[in-house]
Structure formats: structure tokens, C-alpha cells
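Chain residues, written in single-letter form:
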Amino acid sequence: MANELTLQELEDFSREFNADPTSQVVARAAKRSGVLEASYNDAVSHRLTHVFSTELDTDNVTNQLQSGRCWLFATLNVLRHHFGKEYKAKNFTFSQAYNFFWDKVERANNFYNYVLENADKPLDDREVKAYFDFAGHDGGQWHMAISLVEKYGVVPTYAMPETANTNNTAALAEALAQKEKKDALVLRKLVQAGDLEAAQKARKKFLSEVYRMTAIAVGEPPKKFDLEYRDDDKKYHLEKNLTPVEFYNKYFKDVDLSDYVVLTNAPDHEYNKLFALPSEDNVQGKYPIKLLNVPMEFLTSAAIAQLKDGEAVWFGNDVGKQKENKTGFLATDLYKLDDLFGVDLTMTKKERLETGMGEVSHAMTLVGVDEDNGDVRQWKVENSWGEKVAKKGYYVMSQDWFEEYVYEVVVHKKYLTSEQQKLAEGPAQQLPAWDSLA
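Residues numbered from 1 in each chain as written. Predicted model: local features only at pLDDT ≥ 70, side-chain atom pairs only at ≥ 80, totals over all residues. Heavy atoms only, no water.

1. Here we look at the UniProt feature "active site" (unreviewed entry) in the protein chain
Definition in use: UniProt positions are given in the numbering used here, feature names are shortened, and annotations may be inferred rather than shown by experiment. Put simply, DSSP H or I for four residues or longer makes a helix, DSSP E for two residues or longer makes a strand, and each gets a number counted from the N terminus. When checking whether two residues touch, look at their non-hydrogen atoms; a contact exists if any pair is within 4.5 Å. A 1.4 Å probe rolled over the protein chains alone gives each residue an accessible area, and that area as a share of the maximum for its type sets the label: buried under 20%, exposed over 50%, partly exposed in between.
If you check UniProt for "active site" (unreviewed entry), the listed places come out as Cys70, His362 and Asn383 in our numbering. For this annotated set, covering 314 residues, all C-alpha atoms fall within 9.6 Å of each other, a compact arrangement in space. Topologically, cysteine 70 is positioned in helix 4 (residues 70–87). Aside from chain neighbours lying at most four places away, what touches cysteine 70 is Gln64, His362, Ala363 and Ser384. Its relative accessible area of 2% is what places asparagine 383 among the buried residues.

Here it is in C-alpha cells:
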């Protein structure tokens, strides 16, 4: 039943608003400074500090600038902290541009594969539309990043520096999306006409063009480079003529990326179950995206255990909620919007996922935690927005925020229960491209 909004109802709303003597005072404050500043809760600063009982030895932060590469930055931050600890070079950094290049080409290949396999479905099919929307996209997941690392290796930042188009990816993303969607129409027609040989030839031609576009915008990746750095003790190191894969295999020989599991907390899905997101896989033949859904306490305990063993933790979160960039605070009561508006805005984590109010919008790195007699007080968070945001690039996150707005943590399987380890190695239920975890 559709209800018309009547003039009498509008008059009633106005009368109710003006009957409250505080409404005009609150309105003036909100209009002057914005609803966030007007509702800011400075009491948060009384309990959140920048001191942690467990803290990794980190220093400089990276900066993704105007790009959606947080998932890649967070993964390479985990690896660089491992490198820094192992080789006493905590400020050594890896090139995000290098792996970004390969992601563009690999992602196009997966898109074309999907188009070829599903050419019989109509363009307005829900799944087809979801895949088309992902063309040229920057966003990603942990498994996408480690697939790129294992296949292509890594290089130091100086071997493939950032460019204008990696620092601001919008124009390249739009160009690639337009090209790939245009190509998809050609591939669909060839398959529908039964000319599979021509479709495969066209696919290869299209991929070569994607490679050229990405090379023009980002630069072609180096095939070899010289590893050169000074460690924290100022000792000089030089190793010549390394390929990116040789570098990764030699300097990360004790790291097996297949041992890491993405624990997710999605209360709108069944717990103790492994899910897959094939719609976001980027490298054919490498790691499929898998998420083991468990209650929140397991994300907390596993992340703490990994930090105490001296290893950073990749985590996916909804960073736009209850965040303040000047102080670097992440707390559920940072903005008292309920008090400002005089309404109840409370939603459970499950309700936010079900309605689209909650999502994994960002990836960052846990590098510290503060406990008090077993109770978690706060976490130290390394972001990839440069040192001018928060406290030199680091946030302080309350445990309440962790429980409400963190959806994924990546931990070694040794921190899981035996039952969880078995689940993580078993079959996964595939989720559709429009799922709340996608």
C-alpha cells in the first residue's frame, strides 16, 4: 500500500520539531560545524591512548593516495614487516605499482574467461551484471594479493616507483572498464555464433591491448633488478640481477602463504562454515578467495596470538564508520549521532550486513594490541594513507570498534582450533557476486 505524504503531515512534523526548545540550538551547531563535529564525543580521548602492551617495531607508513589498492598495500605491509624483522630493515618498502600492473592484466583475463563461459546468459542477468560491474575495479582481497605475489614475486619500491596513474587510478580504471565491457560484447557474439576459435583469438588480442594500456599508464614491470639497501645498523647490502620471483622465494623462503586463513565474522551467514567468492578471484590457477566464518572472539584471539609472535595481521573493515582522522581514533561512540538527532540509529552487525549498511570497505594492518588482565583495550592500526593522517599514519582502535566494524583477519592456521583447521581445508560454499561479503 502506497501512502501519500500530505501537507497536514508536513505541518505536524514542523510543529513537533519546533516544540522542542533545544532543536534550534542543536540545529545551529550542526549547520555550522557539520553533524560529525557537532556530535563528536571527546570522552573517547580519555580512554584511548597510543601505548600498547604488544607492539611491533614499525616506523614509516605507505600512502595509496587516490586509489583503491588498500588490499594490496596491507598485504605488502605484512610482508615488509616480516622482511624488516628478518633482515633488520624496518623501513624497506615494496612496490605496489608492480603487483598492481599484474592485477590489471590478470583481472582482465579472468573477466574474459567469465564472459566466454557465460555468453549464453542475457546481459541483464544478475550474475552477468555483477561481473560486468567488477571490470576495471581497483578493490580486492587478501587471496588476490597473495596470488599475485606467488606468481610474479615482489620488487623494492625503487625498482618500480609509483606513477600519476597508480596514485590516482580513476582514469585508468574507467578506460579499462570501458574496453573490457566493449570486448565482452564481441566475445559474446562470437561464442553465440559458435565460432570458438575466433573467440579465443580475440581474447588474446584483447589481453595484449590491456597489457599495452597498463604499460602506458603504469610502466612495464622490471624483469630483473639489483637489491640494494642499508639495514637498521647502517650496513650496506647489494645483490645483483634478481628476478622478482627469485627475490621473493629467497628472502621469504620461510613464508608459506598457503598456511594463512581468512577468518571472517559475518553474523548474517552460518558460523563454522567455509565460503568462497569466485566472482572476485583474479589469478586463474592460484588462490581462490575463501572465508571461514566464525564468532568474533576467534578473530580477536587469533590476531592477538599472531601479534605476540611478532607478525602483523591483515584485516578487512568498514573504515568509514566512527573514524576521526585528526586524532586517529576508531571507536563506536566517537560520534553521538543518536543524541544529536534525537533518534535511535542502532543496528546490529547482522542488520548492517543484511541491509548494505555494513561492508568490507578497506584493508589495514594490525601492528599492536593493548591488554589489561586479559581484557583487550585497544589496537594499533597501520593504515596506508600517509603520515599526515591520524598519528603519523597510525590509528588507535577500540575493542568495541573491532567487534562491530572488523569483518576479516588473516592469520596463520596454527592459531585456529583443530576443527577450524579442518574446515579451512575442506570444500567451500560459493557465494554469489552480490553477497554481503563480496
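There is more to say after this.
2. Overview of the nonpolar core
Where a protein is soluble and globular, its nonpolar side chains tend to be buried together. Rule in force here: Nonpolar cores are built from buried Ala, Val, Leu, Ile, Met, Phe, Trp, Tyr and Cys residues. Side-chain atoms within 4.5 Å join them into one set.
Grouped together as the largest cluster of nonpolar side chains are 115 residues, with contacts concentrated most on Phe247, Leu263, Leu366, Trp379 and Met397. Per element, the largest residue contribution to this core is twelve residues, and it comes from helix 5 (residues 96–117). Setting aside chain neighbours within four positions, we find leucine 366 in contact with Ala303, Leu307, Ala312, Val313, Phe315, Trp379, Lys380, Val381, Met397 and Phe402. In terms of nonpolar packing, the next biggest core, distinct from the first, is built from ten residues, Leu48, Phe52, Leu334 and Tyr335 among them.

3. Thoughts on the packing of aromatic side chains
For clarity, the cut-off: Put simply, two rings from Phe, Tyr or Trp (the six-membered ring, in Trp's case) pair if the centres are within 6.5 Å, and we call them stacked under 30 degrees between planes, edge-to-face over 60, tilted for the rest. The criterion for a charge sitting over a ring is simple: Lys NZ or Arg CZ within 6 Å of the ring centre, and within 35 degrees of the ring normal.
Inspection of every chain in the model, using the stated rule, returns 30 aromatic pairs. Centroid distance phenylalanine 83 to phenylalanine 247: 6.2 Å. Interplanar angle 70°. Geometry classified as edge-to-face. Here phenylalanine 83, found in helix 4, pairs with phenylalanine 247, found in helix 11 (residues 244–251); they are 164 residues apart in sequence, far enough to count as distant. Overall, the relative accessible area of 0% leaves phenylalanine 83 in the buried class. Plain terms: the ring middles of tryptophan 142 and tryptophan 314 are 6.3 Å apart, the flat faces sit at 65° to each other, and that makes the pair edge-to-face. One end of the pair, tryptophan 142, is in helix 7 (residues 142–152); the other, tryptophan 314, is in strand 7 (residues 313–317), and 172 residues separate them in sequence. The two residues tryptophan 142 and tryptophan 314 agree in class, both being buried. Aromatic rings pair up to connect Phe83, Tyr87, Phe92, Phe94, Phe225, Tyr229, Phe247, Tyr248, Tyr251 and Phe252 into one cluster. The ring of phenylalanine 100 is capped by arginine 69, whose NZ or CZ atom sits 5.5 Å from the centre of that ring. Between the NZ or CZ atom of lysine 349 and the centre of the ring of tyrosine 407, over which it lies, the distance is 4.9 Å.

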